[in-house]
Amino acid sequence: MDSSVFVFVEDLRGEGVERVLDRIGGYGVTGVTVGAVHHACRDVTPHGLSRLTVRHDAAHFTPPPELFAGLRLKPPAGHAGALDGLAEACARRGLKLHGWTVFLRNATLGVRHPDVTVRDCFGDRGSPTDLCPAHPDVRDYAVALARSVARLGVESVVAEALHFNPQQAERSFVPLGPMDTYLFGLCFCDYCMRRATDLGVNAEAAREECAGIVGRVLDGEPPAQGEVTRAALTAYAGPEVVAYARARSETVTTLVSEVASAVAAEGARLVFIDSTGAVKGYTDGLPTPGLAAHDAWQLGVDLVALGDLVPAFGVLAYARDAARVADDVGAYLRSVGKDREVRAVLRPGHPDSDSADRLVAKARGAKAAGAAAVDFYAYGLAPHPVLDRIPAALAEAQ
């Protein structure tokens, strides 16, 4: 069974490429998925040079100048040369190299160019981290970035955040429910509204409805209860808002199609990861009831349409329960098609796996549900004894 371990550039710089690859190779995996382009964050890193690692929005290589010539958006520079020799070092060990790329989550670019970020129903651009996939400059940037990573000698470009992102305020003392939060997070920038209008949607009516609903909750009315479903959303916000939400899928599908074609032209392939699994279970490994494949539409992800365009998909199976992992993998396969590769991304430790047996059960469940690969997230975030659970999980998945 194919497999890999996600690894950060800071891991390679701190522990050394040879040492990290030797350890990862010892787990029995067939590949390494390296964070070629990542977003800013602060991580507890139990065996890093620093026990608290600060990461920045950055591409950790020198992008080919010709790919970004004339483009307004260019990736912020990271640790230049951090990936030099990595492809050759992987090849010597018989490890495949995959290029993990965070596309539209970049506060550095959003602060520099606020017009390319999402705009909510009130006209505010309060999410500088979230670049809008409908903006032409963002789309050009995504294609050029994908080509750049593909040229690093990787077998695949693993795409994260190549879609709309959910609204995530750092603080809110207003009890917004899931549906109100969803409406608050819809983008109503000029490009999104124009695309929706071209598809026959009354975009202005949808914006006004969202502003009215969310505004009343912000003024003190009780929030809507229950999970976000199309039926519940229709009853709560009306058919025009649901039609507007559907129109977002065309934006994402066409962008992913362009990126997939660009990657293929460079001799690699695209592995598409939508963030729904993380939205549902990242914090505690207890995802909300709806399966990730069924709720991906909320981020503008049409898995059925993408199944005709993308060769491989990663499922963020962030769950404690092995049956839930199997259900998520199975639902993805039914959506994208049985001939597509589906890779289950598992966390070997906290908060999903409290023992080797639990990780083994989830790997077994993923395989039984049809996963063609199991990947493990992430080398620098888990203690070495936790990473040592990986061989047993792989043995079960073979």
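Rules used throughout
- Residues numbered from 1 in each chain as written.
- Predicted model: local features only at pLDDT ≥ 70, side-chain atom pairs only at ≥ 80, totals over all residues.
- Heavy atoms only, no water.
- Helix = DSSP H or I, 4+ residues; strand = E, 2+ residues; numbered from the N terminus.
- Expected span 1.5 Å × (residues − 1).
- Buried < 20%, exposed > 50% of the residue type's maximum accessible area, 1.4 Å probe, protein only.
- Contact = heavy atoms within 4.5 Å.
- Core = buried A, V, L, I, M, F, W, Y, C linked by side-chain atoms within 4.5 Å.
- Axes fitted to C-alpha atoms, helices over the stretch in contact; angles between N-to-C directions.
- Parallel < 35°, antiparallel > 145°, perpendicular 65-115°, else oblique.
- Left-handed = near helix turned anticlockwise from the far one by under 90°.

Labelled according to an unreviewed UniProt entry, the protein chain appears under the name DUF4015 domain-containing protein, originating from Nonomuraea montanisoli.

Caption draft 1: Helix 15 (residues 322-336), seen in detail. Relative to the 21 Å expected for 15 residues at 1.5 Å per residue, helix 15 spans 21 Å between its end C-alpha atoms, a close match to the ideal helical length. Within helix 15, eleven of the 15 residues are buried, which leaves it mostly tucked inside the rest of the structure. Of the positions making up helix 15, those classed as buried are R324, V325, A326, D328, V329, G330, A331, Y332, L333, S335 and V336. Buried-residue contacts for helix 15 involve helix 12 (276-281), helix 13 (292-295), helix 14 (303-306), strand 9 (312-316), strand 10 (341-346) and helix 16 (356-368).

Caption draft 2: Representation of the nonpolar core in the model. Counting 125 residues, the largest nonpolar core has F103, L183, V259 and F376 as its most contacted members. Counting residues per element, this core draws most heavily on helix 11 (residues 239-265), which supplies twelve residues. For V259, the contacting residues outside a window of four places in its chain are F103, A142, V143, A146, L162 and L270. With 15 residues, the next largest nonpolar core counts W100, A161, I273 and A312 among its residues.

Caption draft 3: Summary view of the packing of helix 7 (residues 178-185) against helix 9 (residues 203-218). Taken N-terminus to C-terminus, the directions of helix 7 and helix 9 make an angle of 130°; their axes are 9 Å apart at the nearest point. Here helix 7 is positioned oblique relative to helix 9, judged by the angle of their axes. Considering how the two elements wind past one another, helix 7 and helix 9 form a crossing that is left-handed. Within the contact between the two elements, helix 7 uses D180, L183 and F184 and helix 9 uses C210, I213, V214 and V217.

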